[in-house]
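For reference, the chains in residue letters:
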Amino acid sequence: MSAALSGGFAQAPVQSAQAFRAALMVMSQPGTIHLLEGALPPAPLSVAAGVLVLTLCDGTTPLHLAGAYDCAALRDWITFHCGAPLVAAQDAMFALGDWATLQPLGRFAIGVPDYPDRSATMIVEMANLSAKGALLRGPGIEDQAQLSLPELAAFQANRALFPLGFDCFFTHGNRAAALPRSTRVEAV
Amino acid sequence: MTLHADPVAAESYNFAYLDEQTKRMIRRAILKAVAVPGYQVPFASREMPMPYGWGTGGVQVTAACLTPDDRLKVIDQGADDTTNAVSIRKFFQRTAGVAVTEATAEATVIQTRHRIPETPLTSGQILVYQVPIPEPLRFLEPRETETRKMHELEEYGLIHVKLYEDIARHGTIATSYAYPVKVEGRYVMDPSPIPKFDNPKLSGSPALQLFGAGREQRIYALPPFSHVVSLDFDDHPFEATKAPHDCDLCGADDSYLDEVITDDQGSRMFVCSDTDFCRTRQAEGQLGVLGAPVLKGGV
């Protein structure tokens, strides 16, 4: 249990401000990769995903833990540091897991036509993260960008729902990238 | 100019004034605003230690974005030295301890009231707009339930009727500020009351543009390089207009001008509304017809 009490931000106001700025940069410029550091969450959570949870989640944001991420160590850590209610996929504002265990994606909120902001934000843990792979075009990208997405079809289907849809952060170690619903994705 | 906050004063506030829970709420709204460009995300706007209309929305967005490493610039109608700009700049010096500047190129975060700086913005910069009425359809349809439905259905005929009535009455589109735009082919957005001279700078900007409306409790955004089109008609295309003069101080013929009445005999002068742009040009030795004498006079 004591492991759950450590690993949070040492200086929450400043560290969460720096973490949010990095999160804002990756979300507003899809394909770019930024460092997210400052927290030491328990395994299997990566540093970047842990920082995102600390920066964005609190008692008002229901969080879904998928697959191996729904473990006692992580539940305790998140409960102590954020107090986010841990819920089923369909009730979640945030979802945390690897791509395989987040399936099927149809369970997550995509917003409603008059409030498209009421949609889930995924934090997807990746085995690797690099600026190579699928071609990205859209807002935030001057011409085109590349990102190692876990697949294409799901993001193409998500883009087709615009302005509805979910938004994704991708994390690996202390690095993060993002893909908002507005990005058009195609194979190279 | 770089000033650092009094560390004692800074310690009496949480970093950037707002509490952490509030900043998380605003940050989540900003991320959704970025994901759906042009859509107004509702947020739980807080009371700030300044009146509504003084930029409480912009201040909250700036507070949620600032880091201690930032260099902040605040402008009011292009000017760094007006009451609104000075008080907001001092507010963040005191509560966030950030460095400040008046130079557009040196700033990492720029909070603005009703202007986009003349100096082109660069990648990594954030431009935060203070927005009084975020809803472009509000003066055409007062009911929030209806305007929300109109955005949902992409039913923007009414705003074209408004522009058409301009043409029918005045022979031209008379809307000169807060000129409505369409973002990424989907949402019609109020760019805040910037002069329509600034509208072309909204599109394709390398900087991230965030809009905060405090009293109306809305945040919206334009990610870098967003495609933004000012609404118009084929036979009455959009025109970015300005006073047909050169700046009397720096001689610029391509900047937005303020008209200044100089006496009660009807004398007037035109000066750049962007004070940093104008001062930089004068420092480079480019002077308008009134440039040198006015400088000696101590303005």
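This text goes with the structure placed above it.
So, how was this worked out
Residues numbered from 1 in each chain as written. Chains lettered and ligands numbered in written order. Predicted model: local features only at pLDDT ≥ 70, side-chain atom pairs only at ≥ 80, totals over all residues. Heavy atoms only, no water. Salt bridge = Lys/Arg side-chain N within 4 Å of Asp/Glu carboxyl O. Helix = DSSP H or I, 4+ residues; strand = E, 2+ residues; numbered from the N terminus. Buried < 20%, exposed > 50% of the residue type's maximum accessible area, 1.4 Å probe, protein only. Contact = heavy atoms within 4.5 Å. Polar contact = N/O pair within 3.5 Å; in protein donor to acceptor, adjacent residues only side chain to side chain. Nonpolar A, V, L, I, M, F, W, Y, C, P; charged D, E, K, R; others polar. Pairing = 2+ DSSP bridges. Axes fitted to C-alpha atoms, helices over the stretch in contact; angles between N-to-C directions. Right-handed = clockwise from strand over helix to strand, strands pointing away.

(A) Highlighting the pattern of salt bridges. Per the stated rule, a full pass over the model turns up 24 salt bridges over all chains. The partner of B:Arg24 in a salt bridge is A:Asp58, with the nearest N and O atoms 3.0 Å apart. Taken together, the positions of B:Arg24 in helix H2 (residues 20-35) and A:Asp58 in the loop between helix H3 (47-56) and strand E2 (63-65) put the pair across two chains. The class of B:Arg24 is buried, set by a relative accessible area of 16%.

(B) Layout of the interface of chain B and chain A. Taken residue by residue, the interface counts 40 residues in chain B and 42 residues in chain A. Across the chain B-chain A interface, the total number found is four salt bridges. Inspection of the chain B/chain A interface yields 15 residue pairs in polar contact (both at pLDDT 80 or more). If you list the elements that add at least two residues to the side of chain B that touches chain A, you get H2, strand E1 (41-42), helix H3 (56-65), helix H5 (144-152) and strand E8 (208-213) of chain B. For the side of chain B that touches chain A, the element with the most residues is H2(B), which contributes eleven residues. Broken down by class, the residue content of the side of chain B that touches chain A amounts to 22 nonpolar, six polar and twelve charged.

(C) Looking closely at the sheet that holds strand E9 (residues 218-222) of chain B. Residue and element names in this part refer to chain B. The strand order across the open sheet formed by seven strands is E1-E9-E8-E5-E4-E2-E3, and the pairing between neighbours is mixed. Both edges of this open sheet fall to E1 and strand E3 (99-100), since each of them pairs with a single strand only. Note that E1 and E9 share two bridges and pair antiparallel. Within E9, the residue paired with proline 42 across the bridge is arginine 218. Across the face of the sheet, H2 comes into contact with E1, E8 and E9 while running at roughly 45° to E9.

(D) Region of interest: the pairing of strand E5 (residues 126-130) of chain B. Residues and elements named next belong to chain B. Counting buried residues in E5 gives five out of five residues, a clear majority hidden from the surface. Here strand E4 (residues 109-113) pairs with E5 via four bridges, running parallel. Residue pairing for E5: isoleucine 110 is matched across the bridge by leucine 127. Of the strand pairs in this sheet, E5 and E8 are connected by five bridges, and their pairing is parallel. Directly across from valine 128, in E8, lies its bridge partner leucine 210.

(E) Expanded view of unusual backbone geometry. In this structure, A:Pro104 follows A:Gln103 across a cis peptide bond, with omega equal to -10°. Inspection of the secondary structure puts A:Pro104 in the loop between helix H5 (99-102) and strand E4 (110-112). Cis geometry is adopted by the peptide bond preceding A:Pro163, which originates at A:Phe162 and carries an omega value of 10°. Inspection of the secondary structure assignment puts A:Pro163 in the loop between helix H6 (153-160) and strand E9 (167-172). Residues other than glycine seldom take positive phi values, yet B:Ala178 does so here, at roughly 50°.

(F) Inspection of the pairing of strand E2 (residues 71-76) of chain B at higher detail. All names here are of chain B. A large share of E2 lies buried, amounting to five of its six residues. Pairing geometry for E2 and E3, over two bridges, is parallel. The partner of leucine 72 across the bridge, within E3, is valine 100. This β-α-β element, E2 to helix H4 (residues 83-96) to E3, shows right-handed connectivity. For E2 and E4, the ladder comprises five bridges, and the chain directions are parallel. Considered in E4, the bridge of isoleucine 75 is made with threonine 112.

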